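Close look at the chain arrangement
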Amino acid sequence: MRNRLKSYFTALLNLLKRQRAGGGYSRHVSQAIHFILERYQGYINLEMVAASIGLNPSYLSRLFKEETQCNFSEYVNRIRIDAAQKLLESDQYSVKQISSQVGFTTYNYFFKVFKELTGMTPHAYVESLRPERQRSKP
């Protein structure tokens, strides 16, 4: 069961990566998004991404904002929170474990960003899933 869930979420995250990376962006922004999707679990910053694709960080920042309508760190946080939501839905890890698995260095910052982007705390999100889980059980 655990392996099946893990492979399901891996496939789901890979699908999300392909959809996010392809979205009609310029080559440079697509490359940046691909880099983010591959490495969001660890430390990542604009300078790293710009260096990996051979661009000036300021130029990449401007392109990124124009094309995605959000700045680089907002985009990274959205990817991390999307992944956190998927992991929370799996009900296999604690909220603290998930916060570090998706690349946040502190639980408090994860909590703050999660609430900003979803409108609820991670714990409230888990609680919101409970009625759904109860209905799906035989």
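Throughout what follows, the structure given in this document is the object of discussion. Sequence order as written defines residue numbering, which begins from 1 separately in each chain. Predicted model: local features are reported for residues with pLDDT of at least 70 only, side-chain atom pairs are reported and counted for 80 or more only, and whole-chain, interface and lining totals are derived from all residues. Here the side-chain values reflect all heavy atoms present in the structure, with hydrogen atoms and water set aside.

Section: the overall build of the chain
Test applied: Helix and strand definitions follow DSSP, with helices as H or I runs of at least four residues and strands as E runs of at least two, each counted in order from the N terminus. Here's how the labels work: a residue is buried when its accessible area is under 20% of the maximum for its type, exposed when over 50%, partly exposed in between, all with a 1.4 Å probe on protein chains only. In this description, contact between two residues means that some pair of their heavy atoms is separated by no more than 4.5 Å. What sets the accessible areas is the Shrake-Rupley method with a 1.4 Å probe; for residues, cover comes only from the shown protein chains.
Secondary structure assignment for the chain yields eight helices and zero strands. Here the chain holds 138 residues, and the buried ones make up 40% of them. Long-range contacts, defined here as pairs at least 24 residues apart, represent 55% of the contacts in the chain between residues at least 6 apart. When the accessible surface of the chain is totalled, it reaches about 8300 Å², and 51% of it is carbon and sulfur.

Remarks on the packing of aromatic side chains
The cut-off we apply is this: Stacked, edge-to-face and tilted labels apply to pairs of Phe, Tyr and Trp rings (six-membered ring for Trp) whose centres lie within 6.5 Å, assigned for plane angles under 30 degrees, over 60, and everything in between, in that order. Sitting over a ring, as applied to charges here, requires NZ of Lys or CZ of Arg to be within 6 Å of the ring centre and within 35 degrees of the ring normal.
Enumeration over the complete set of coordinates arrives at eight aromatic pairs. Ring centres of Phe 64 and Phe 72 lie 5.8 Å apart, and the angle between their planes is 65°; this geometry places the pair in the edge-to-face category. An identical accessibility class is assigned to Phe 64 and Phe 72; each is buried. Among the aromatic residues, those joined into a cluster by ring pairs are Phe 104, Tyr 107, Tyr 109, Phe 110, Phe 111, Phe 114 and Tyr 125. In this structure, Arg 80 is placed above the aromatic ring of Phe 104, and the distance from its NZ or CZ to the ring centre is 5.6 Å. Stacked on the ring of Tyr 107, the Lys or Arg Lys 96 has its end atom at 5.2 Å from the ring centre.

Looking at helix 3 (residues 46–53)
Threshold: By definition, the arc is the one covered by directions from the helix axis to the C-beta atoms. We call two N or O atoms a polar contact when they sit within 3.5 Å, provided that within protein one can donate a hydrogen and the other can accept it, with sequence-adjacent residues counted only if both atoms are side-chain atoms.
Restricting attention to buried positions, one finds in helix 3 the residues Leu 46, Val 49, Ala 50 and Ile 53. Buried residues of helix 3, seen end-on, are gathered within an arc of 100° and therefore sit on one face of the element. Structurally, helix 3 contributes buried residues whose contacts are with helix 2 (27–39), helix 4 (57–68) and helix 5 (72–90). Between a side-chain oxygen at the N-terminus of helix 3 and the backbone nitrogen of Glu 47 the separation is 3.1 Å; the capping residue is Asn 45. Looking one or two residues past helix 3, Gly 54 carries a phi angle of roughly 75°, positive in sign.

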